[in-house]
Amino acid sequence: MEDIKKGLESVIALETSISYIDGINGILEYRGYNINDLSEMPYDAVSYLLIHGELPDEDELEAFSGQLRAEREIDEDTIEFMRMCPYGVEAMDALRTAVSYLSHHDPDMSDCSLDANLRKGIRLIAKFPTIVAAYYRITNGQEPIAPHPSLPHGANFLYMLRGEEPSELEARLMELDFILSAEHELNASTFSVRVAVSTLSDIHSAVIAGLSTLKGPLHGGARLAVMRMLEEVGSPERAEEYVLSLIAEGQRVMGFGHRVYKTYDPRARIYKRLAREIADERGDTRWFRIAESIEEAVQRELVEKQGKPLCPNVDFYSAVVYKYLHIPPEFATSLFAIGRISGWVAHCIEQYADNRVIRPRAKYVGKHHPSR
Ligand code: ACO
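Residues numbered from 1 in each chain as written. Predicted model: local features only at pLDDT ≥ 70, side-chain atom pairs only at ≥ 80, totals over all residues. Heavy atoms only, no water.

## Comments concerning the domain arrangement of the protein chain
Note the threshold: By convention here, the domain bounds are inherited from an automatic or database domain assignment. Residue contacts are counted whenever heavy atoms from the two residues lie within 4.5 Å of one another. When two parts are brought into contact, each loses some accessible area as probed by a 1.4 Å sphere; the total of that loss over both is the buried area.
By the assigned domains, the protein chain splits into domain 1 (19–216 + 329–353) and domain 2 (222–324). A C-alpha centroid distance of 26 Å is found between domain 1 and domain 2. Each partner contributes residues to the interface: domain 1 has 27 residues there, and domain 2 has 25 residues. Interface of domain 1 and domain 2: buried area, both sides summed, is about 2,200 Å²; carbon and sulfur atoms make up 64% of it. A per-residue breakdown of the area domain 1 buries against domain 2 is headed by L173, L180 and P329, which together make up 26% of the total.

## Remarks on the pattern of salt bridges
Stated formally: Whenever a carboxyl oxygen of Asp or Glu lies within 4 Å of a side-chain nitrogen of Lys or Arg, that contact is scored as a salt bridge. The buried label goes to any residue with under 20% of its type's maximum accessible area, the exposed label to any with over 50%, and the partly exposed label to all in between, with areas taken from a 1.4 Å probe on protein chains only.
Applying the stated rule across the entire model yields 27 salt bridges. Of the charged contacts in the structure, one is a salt bridge between E76 and R83, with a shortest N-O distance of 3.7 Å. Classification of R83 by relative accessible area gives partly exposed; the value is 31%. Of the charged contacts, one joins E281 and R282 as a salt bridge, the two residues approaching to 3.8 Å between their closest N and O atoms.

## Some remarks on the packing of aromatic side chains
Threshold: Each aromatic pair joins two rings of Phe, Tyr and Trp (for Trp, the six-membered one) with centres within 6.5 Å, and gets the label stacked for planes under 30 degrees apart, edge-to-face for over 60, and tilted for any other angle. Secondary structure elements are defined from DSSP: runs of H or I of at least 4 residues count as helices, runs of E of at least 2 residues count as strands, and each element is numbered from the N terminus.
Tallied over the full model, the rule gives nine aromatic pairs. On the basis of an interplanar angle of 40° and a centroid distance of 6.3 Å, the ring pair of Y135 and F331 is categorised as tilted. Highlighted residues: Y135 in helix α6 (residues 114–139) and F331 in the loop between α15 (314–324) and α16 (332–353), separated in sequence by 196 residues. For Y135, a relative accessible area of 4% puts it in the buried group. Pairing F316 with Y317 gives two aromatic rings, centres 4.9 Å apart and planes at 85°, and the pair type is edge-to-face.

This is the structure we're talking about:
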């Protein structure tokens, strides 16, 4: 009882075969496949891999994609509910409530068998992009756009957001963004998901726990904060002064540091390459150069001078990619959730398959009053 690991740091809480992280060498694998090797695949194949444990063959992929495409639509009631959200409700909060609302209409709601969980998982994976895109359009005073019947997951999302098909590069970046966000071992939101499932609660409730946890600025909400930081810095020349002022105020530089990686996050490397690629394609490198200048300032001031092992994490250069895709910062975390839902579904299924209720202990440090 005495050995408390605050924040459960380094505690091995369970076994998983869904993903593997080597935080020292900067390696991430989904089901044994290096993330770099998965980055050329469709999101649907990666989603299948996470949930079923093996990459699909051609027929399996076609069937899985067909199931996802068939479940993309959301009904008018869900859209109406989003229209009724008070002004200023954030996308993550609207998504969380939409999942709760959808659960009331899910035909498998009370069935927690493996088959029913797979069906519910597929519905959630398919509908997340539709919900977020519809909410984006509603908050912009536009009519939601129905999902495209044949576009891939990432391209379909951008299509529903904008009403026109994205360029090839944009479609590839969106697909890759969802892949890179899809899974990351026992991060805070996935832990929440597994705690909920461990009580034999249902998938929708577990996903709501995941969304509520992902939203925080020390987790998925950091992407939003990085986008705001890029805007606030405004030009590469101001990056150093900005970082110095954060340090002087004792604040953190968002998008840096990680509980597990003590080196460059392998996803951040891929995002950095993509951010440079789209900056060059657009002929506007400002956001990329601001980010690179912030990275250089953090390296100088916090790594070299203070010896802190801080590298960009997944949220840093993804925020730059989002700037070029014209994603508003308030929607950044909900895009993260669109990717992550596949990982959460996989973890729900793994937890149900070998369950033990997750219930750690706390060391009591309060008073003991003598009994009367
Ligand atoms: N900026 C400045 N200093 C930092 C940062 C940062 N981003 N991150 C950590 N540090 C410092 C801490 O102040 C601490 O210094 P100290 O030893 O002098 O007190 C030291 O580095 C160690 O930090 P911890 O808080 O112990 O690291 P922890 O593992 O608890 O936190 C976390 C990891 C939460 C990600 C942290 O690095 C952070 O707050 N980063 C900024 C938020 C962020 O980008 N979150 C996204 C993470 S990725 C994801 O969840 C999807």
